[in-house]
Amino acid sequence: EHKDPSSGKTFYYNKVTKETSWDKPKGADLGGLPPNWEEHKDPSSGKTFYYNKVTKETSWDKPKGADLGGLPPNWEEHKDPSS
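The rules behind these values
Residues numbered from 1 in each chain as written. Predicted model: local features only at pLDDT ≥ 70, side-chain atom pairs only at ≥ 80, totals over all residues. Heavy atoms only, no water. Buried < 20%, exposed > 50% of the residue type's maximum accessible area, 1.4 Å probe, protein only. Helix = DSSP H or I, 4+ residues; strand = E, 2+ residues; numbered from the N terminus. Pairing = 2+ DSSP bridges. Phe/Tyr/Trp six-rings, centres within 6.5 Å; stacked < 30°, edge-to-face > 60°. Salt bridge = Lys/Arg side-chain N within 4 Å of Asp/Glu carboxyl O.

Visitor: What is the right way to look at the pairing of strand β2 (residues 10-14) in this model?
Guide: Regular strands place side chains that alternate from one sheet face to the opposite one. For β2, a buried count of four out of five residues is recorded, marking the element as mostly surrounded by other parts of the structure. Alignment of β2 against strand β3 (residues 20-21), held across two bridges, turns out to be antiparallel. What sits directly across from Tyr12, in β3, is Ser21. In textbook terms, the turn of a hairpin is the stretch between consecutive antiparallel strands, and for β2 and β3 this stretch comprises five residues, one of which, Lys18, has a positive phi near 70 degrees.

Visitor: It is not clear to me how the packing of aromatic side chains should be interpreted in this structure. Could you clarify?
Guide: Any two aromatic rings considered together are summarised by their centre-to-centre distance and by the angle between their planes. Within the structure shown, the criterion is met by two aromatic pairs. With centroids separated by 6.2 Å and ring planes inclined at 75 degrees, the aromatic side chains of Phe11 and Trp22 adopt a geometry described as edge-to-face. Note that Phe11 is positioned in strand β2 and Trp22 in the loop between β3 and β4 (37-41), a separation of eleven residues in sequence. Take Trp22: its relative accessible area is 45%, and that puts it in the partly exposed class.

Visitor: Explanation requested: the pattern of salt bridges in the structure shown.
Guide: Per the counting criterion, the structure on display carries one salt bridge. In this structure, Lys53 engages Glu38 in a salt bridge whose closest nitrogen and oxygen atoms are separated by 3.9 Å. With a gap of 15 residues between them, Lys53 in the loop between β5 (48-52) and β6 (58-59) and Glu38 in strand β4 connect regions that are remote in the sequence. When its relative accessible area of 44% is taken as the criterion, Lys53 is described as partly exposed. Under the relative-accessibility criterion, Glu38 is labelled partly exposed at 27%.

Visitor: Explain unusual backbone geometry to me, please; I cannot follow it from the model alone.
Guide: With the exception of glycine, most residues fall at negative phi, and the peptide bonds are largely trans. Unlike most non-glycine residues, Lys18 shows phi in positive territory, near 70 degrees. Mapped onto the elements, Lys18 comes out in the loop between β2 and β3. For Lys18, a relative accessible area of 54% corresponds to the exposed category. For Lys56, which is not glycine, the phi dihedral falls at a positive 70 degrees. With respect to the secondary-structure elements, Lys56 resides in the loop between β5 and β6.

Just distances and angles here, no functional claims.
Below you can see the structure in the form of structure tokens.
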């Protein structure tokens, strides 16, 4: 995760192509959950919850390891260390 030093805004960096982007790269949200977990919306509250289709477990919190693999290969999210 990177933040621009002058604006403090988060940006994304591809370490192979050296490309930078203000927007999350295409496919960034694919693979953001561990295997067997799905994201759903509660119809009555509109809140997001998570469901494990194998264990039938539900959780209001993202499952452990949910952010691993959240960006496509070679992309990193950056923040300014001085902010």
